[in-house]
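Descriptive structure summary
What follows is the residue order along each chain.
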Amino acid sequence: MTELLDLARRVAAEAAEHVAAQRPAGRVGVAGTKSSPTDLVTLIDRSCEELIRERILAARPHDAFVGEEGQDVPGTSDVEWVVDPIDGTVNFVYGIPRYAVAIGARVGGIDHVGVVVNIATGESYEAVAGEGAWRVDEAAPRRLTGPPVLPPAEMLVATGFNYVPEVREHQAKAVGAMLPHVRDVRRIGAAALDLTDLAEGRLDAFVEQGLQPWDHAAAGLIAREAGLVVTGLDGPPSDRLVVAAPAGGIEEFLALVRRCGF
C-alpha cells in the first residue's frame, strides 16, 4: 500500500498545481456539459484527468483507470484507480474555493488508498485501509477522528443536488422534509470535500443521491478511516444514495433519511 499511497500523493499534488496554474482570473470558460445543461465540464478538467492518467499508468502500466471525464483504461492487475480530476467543477468555474482532486486506488474491488486535495486552499487528506485517515498539509500529519455522536436534531448535515431537474426537485423535497429535524443543512458543492469535512469533524452527517464512484472512492475511505460509517440506503454506497455518519449515530440518521424520502 505504501507504493500506491506514494504515487497517489505525488500525482494529486501535481494535478492540484496544474489546475491552480491553469485557472484564469475570473470565471472559467465551459467546454461542454454532461448530464444536463447545468452539469459543466472544462478543458482543465480534461487536461487534469489526462495528466493523472498518464502519470499513474507510466508508473503502473498494468493497472486499470476510471475517471470522471471518461478516459478509462482496462487493466490486467488487481488495482483500479478511481479519479475525479476536479470535484466541484461548478465551484471551480465560478471561483468558489471548494474544489478538489480526488484519487483512489482499489485492490480487488475494495478501496485501499485515498487522497483528496482542496486545490484552492491546499488542504490535503489521505488514508490507507486499516491505517487511519490523516490531514497532511500542516506542520505535522494530524489524525482525523470525525465528529462526536449526536442525535439528528443536533446534526449539521451536508448534501448535494443532482443536475437532472426531475431528480433535483425530488431531492429538494427530501431536504425540505429533513430541515425541521436537524440543526441545519449545508450544500457546499463538492462531495469529496463534504466527506473530508466530515472526517475533520466540521460536519456531523452526509447524504446525497446520484454520486458516482469517483465522487466518493477516495473521500469515502478517508471518512471510514476517521471512524465514520459510509453506506447506501440498503447496502453499499451507490448512485442511489451515499450516507455517512458516526457509527454510534448512523442508524438513527438512516431512519431519518428514509422518513424524509431520500
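Since the model is a prediction, treat every value here as computed from it, not as a measurement. (Residues numbered from 1 in each chain as written. Predicted model: local features only at pLDDT ≥ 70, side-chain atom pairs only at ≥ 80, totals over all residues. Heavy atoms only, no water.)

What follows concerns the side chain of R23. Here R23 lies in the loop between helix 1 (2–22) and strand 1 (32–33). For the buried R23, no salt bridge exists, and the shortest N-O distance to an oppositely charged side chain is 10.0 Å, to D45. At a separation of 2.8 Å, a polar atom in the side chain of R23 contacts the main-chain carbonyl oxygen of F92. Every residue in contact with R23, bar those within four places of it in the chain, is listed here: V28, I44, F92, V93, Y94, G95 and Y99. (Helix = DSSP H or I, 4+ residues; strand = E, 2+ residues; numbered from the N terminus. Buried < 20%, exposed > 50% of the residue type's maximum accessible area, 1.4 Å probe, protein only. Lys, Arg positive; Asp, Glu negative; His and termini not counted. Salt bridge = Lys/Arg side-chain N within 4 Å of Asp/Glu carboxyl O. Polar contact = N/O pair within 3.5 Å; in protein donor to acceptor, adjacent residues only side chain to side chain. Contact = heavy atoms within 4.5 Å.)

A separate point is the pattern of salt bridges. Applying the stated rule across the entire model yields 19 salt bridges. Here R202 ties to E200 by a salt bridge, and the two come within 3.6 Å at their closest N and O atoms. For R202, a relative accessible area of 38% puts it in the partly exposed group. Take E200: its relative accessible area is 16%, and that puts it in the buried class.

Inspection of helix 7 (residues 250–260) places I250, F253, L254, L256, V257 and C260 among the buried residues, and these make up the whole buried set. Along helix 7, the residues classed as buried sweep out an arc of 160 degrees about the axis, all on the same side. The exposed residues of helix 7 that point more than 90 degrees off its buried face are E251 and R259. Contacts from the buried residues of helix 7 go to strand 10 (156–158), helix 4 (165–178), strand 12 (205–208), strand 13 (228–231) and strand 14 (242–246). Immediately downstream of helix 7, the backbone of G261 shows phi near 85 degrees, a positive value. (Arc of directions from axis to C-beta.)

Time to look at the environment of A13. Here A13 is to be found in helix 1. Exposure remark for A13: the relative accessible area of 37% places this residue in the partly exposed category. Placed 109 residues apart in sequence, A13 and G122 show a C-alpha to C-alpha distance of 9.0 Å.

Here we come to the pairing of strand 5 (residues 100–107). Of all 8 residues in strand 5, 8 are buried; the element is thus mostly enclosed. The alternating pattern of strand 5 places A100, A102, G104 and R106 on one face and V101, I103, A105 and V107 on the opposite face, and all of these are buried. In this sheet, strand 5 lies alongside strand 4 (residues 79–87) in antiparallel orientation, the contact comprising 7 bridges. Across the sheet, residue D87 finds its bridge partner in strand 5, namely A100. (Pairing = 2+ DSSP bridges.)

This part is about the packing of helix 5 (residues 191–200) against helix 6 (residues 213–225). The N-to-C vectors of helix 5 and helix 6 enclose an angle of 0 degrees; their axes lie 8 Å apart at closest approach. In terms of orientation, helix 5 and helix 6 fall into the roughly parallel class. In this structure, helix 5 contributes A191, A192, L195, T196 and A199 to the contact, and helix 6 contributes D215, H216, A219, G220, I222 and A223. Here the contact of helix 5 with helix 6 is composed, by residue class, of 7 nonpolar, 3 polar and 1 charged. (Axes fitted to C-alpha atoms, helices over the stretch in contact; angles between N-to-C directions. Parallel < 35°, antiparallel > 145°, perpendicular 65-115°, else oblique. Nonpolar A, V, L, I, M, F, W, Y, C, P; charged D, E, K, R; others polar.)

With that settled, consider the environment of A15. The residue A15 is located in helix 1 in this model. Taking the C-alpha atoms as reference points, A15 and D137, 122 residues apart in sequence, are found 16 Å from one another. For A15, the contacting residues outside a window of four places in its chain are C48, L51, I52 and V101.

Below, the discussion takes up the side chain of D194. Here D194 is to be found in helix 5. Nearest to the buried, unbridged D194 among oppositely charged side chains is R98, at 5.1 Å. Excluding anything up to four places from it in sequence, D194 contacts A158, T159, I188, L203, F206 and E208.

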